[in-house]
Structures are given as structure tokens and as C-alpha cells.
Amino acid sequence: MTVIRPPTPGKGTLAISDEEYTKFCDFFYRKTGISFQLSKKYYVERRIIDRAIKTGSCDFREYFTFLRFDMSGEEMQVLVNSMTVNETYFFREDYQFNALVANILPAIIKTKRRSMPIRIWSVPCSSGEEPYSIAITILEKWDQADNWDIEIHASDIDSKILAEARAGIFGARSLARVPPAILLKYFTPRSEGSYQICEGLRGSIDFSLVNIIDTKQTKNITGIDVIFCRNLLIYFDDITRRETVEMFYQNMAPGGFVCLGHSESMSRMTSLFIPRKFGDTIVYQKPQE
């Protein structure tokens, strides 16, 4: 449990020097794989100061000590939640969802038996728009959806945003690209213009808290056929990007596919995957063994 202590008047300062900022960023990088440059100092400093005040720390050094030696890990999780960006909406970069049903899934079932599930992993899943978009696209556009057992796993490092994803309540910004017929079919109106996705879809997706640079947390995510990892690797340095992609390779079934964000490419990270062009999108395939 986080212990809230009142700050000592006149003791220390919450300002963070460049040296302290560098130490913090090194620590945060080792824990999460997320790299912050000096240009992001204002953004990071504001969130550290907010947490320092709320925990009763009187200066950065005291808060940093508390953070590093908090054996419960609760404060680290709260800080991670405040640092991560969760900007998303339904059917974002929908050309990849179209490629999923038109090209990727048809290629996958050519090498699978009907008794084998198709496993899809959305990481990071943020507040759930991406995995729910995947599920709706498959139900609406793939004529083989009823013939296969499809598992959608969704994970994020942010515990607060995962709770929102499980609840499945969305406002106008998230739903701006949802066609009226889809909104009527899969959503229930709530108060103040918000909608909740239907219970059947909420229950069909496995949401879990996963730090993808923690091998203990990823070792059981295996046999994955499709990974949607869009706009995450841009927050990593070259070493962590390569390690993440190698983890994807190890955790994927032969012939599986990885979908990255439109500004991301594996060409500078690894040669393990083969680029495939489907319509307007490039995806990356693990070779068949």
C-alpha cells in the first residue's frame, strides 16, 4: 500500500535537475523499455512532481528513493499509467483490418486444422478500440468467422486504461468512424452521448496487464497468429525495438503476421520477418518452418 506522508515544509525542492532527469529516465527505461529524451523533460517532470506531491515526498530525491524501493510495485504502476499516451479510436488505420480479413486470415487457415484456434494479440490495446475493432471486422467481413475458434488477446502496461477497455464505454471521439449500422448492432446508448459495447464482445476478449519487455510476463503468450503492435516501437530505442521484435518471432506460430503502425518498419530492426504487401498496407510474416 502506498503510504501518504505530508511534505516537510521548507525541506528540499520538487525541481528536477538534468542529471536527476537522466537518472530517472535510465531507471524508467530499464523497467518499461520506454525511452524519454531531454526534449521531453517538461512532460515527464510534470508527472513526477504530481506523484511526488501525492505521495508526500518533499523533493525528487525522496520520491525517487521511494519509487525504487517500493516493493509492492504499486507506485511504479501508477507512474507508468500517468506516463503512457492512449490516443486511439475505432477502425484506426482500417486498411490493416481490411487486409486481416481479405488476406491474412485466409493465408493462416491454409496451414491450420479446424481444431486449432486462431490467436490474435493486440499490444498495446489502450482503452480497447483496437481489439474491439478487430472483433467487429472479423464478424462483419470474414465469411469464415463462424467456422473457426478465434481468440483475441489484448494487453497494455497501463492498468487504469485496461479497466476502461474491459468496461467498454466510449465517447464521441472514439466512435467518430463507426458506421451507424455498426453502432446500432454492437453498442448500447449510455448517458451523455456515450455508448457501451455489447456484453458478448466484452466477454470475448482477454484483457491482461503485460509489460512486453518483461520475459516472465510474455513467455506464456505463445502460438500467436497475428500481432497488432501499432505505434509502440516508436517509443523504444533500437535495442529494445530489436528485442521486442525477436520476442514476437519466438512467440508466434509459423507463418504468423505482424502489423505495425504506418510510420514503423522492421527493415532497420531485423531480417527475421518477410515483408508482405496487401493493398495499401505492408505487414511482416514469420516464415513457415
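Worth saying up front: this structure is predicted, and the values here are computed from it rather than measured. (Residues numbered from 1 in each chain as written. Predicted model: local features only at pLDDT ≥ 70, side-chain atom pairs only at ≥ 80, totals over all residues. Heavy atoms only, no water.)

Peer 1: So what exactly am I meant to see when it comes to the sheet that holds strand S10 (residues 281–285) here?
Peer 2: Sheet strands pair by backbone hydrogen bonding; their relative direction is either parallel or antiparallel. Taken together, seven strands build an open sheet; the order of strands is S6-S2-S1-S7-S8-S10-S9 and the sheet is mixed. The sheet is open, and its two edges are formed by strand S6 (205–209) and strand S9 (274–278), each paired on a single side. Between one strand axis and the next, the sheet turns by 25° as a mean value, whatever way the strands run. Where S9 lies against S10, five bridges are found, and the strand directions are antiparallel. Opposite Phe 278, over in S10, you have Thr 281 as the bridge partner. Its contacts with the sheet put helix H12 (residues 238–251) on strand S1 (118–122), strand S7 (224–229) and strand S8 (252–260), and the angle it makes with S8 is roughly 140°. (Pairing = 2+ DSSP bridges. Helix = DSSP H or I, 4+ residues; strand = E, 2+ residues; numbered from the N terminus. Axes fitted to C-alpha atoms, helices over the stretch in contact; angles between N-to-C directions. Contact = heavy atoms within 4.5 Å.)

Peer 1: Help me understand the sheet that holds strand S4 (residues 187–189), please; the structure alone is not making it clear to me.
Peer 2: Read across the open sheet, the three strands follow the order S3-S5-S4; overall the sheet is antiparallel. Both edges of this open sheet fall to strand S3 (169–170) and S4, since each of them pairs with a single strand only. Here S3 pairs with strand S5 (residues 195–197) via two bridges, running antiparallel. Along S5, the bridge assignment pairs Ile 169 with Gln 196.

Peer 1: I tried to follow the layout of surface pockets on my own but got confused; where do I start?
Peer 2: One simple way to see leftover space: roll a probe sized like a water molecule over the atoms. One number sums up the size of the largest pocket: a volume of about 750 Å³. If you go around the largest pocket, you meet 35 residues; those closest to its centre are Val 85, Pro 124, Asn 231, Leu 232 and Tyr 235. In terms of residues, the lining of the largest pocket owes the most to one element, helix H6 (residues 129–141), which gives three residues. The residue makeup of the lining of the largest pocket, split by class, is 18 nonpolar, ten polar and seven charged. Considering only enclosed or pocket space, the second largest pocket measures out at about 360 Å³ in volume. (1 Å grid on protein atoms, 1.4 Å probe; cavity = no way out; pocket = protein on both sides within 12 Å on 5 of 7 lines; lining within 4 Å. Points joined across faces, edges and corners; volume = space filled by probe spheres on them. Nonpolar A, V, L, I, M, F, W, Y, C, P; charged D, E, K, R; others polar.)

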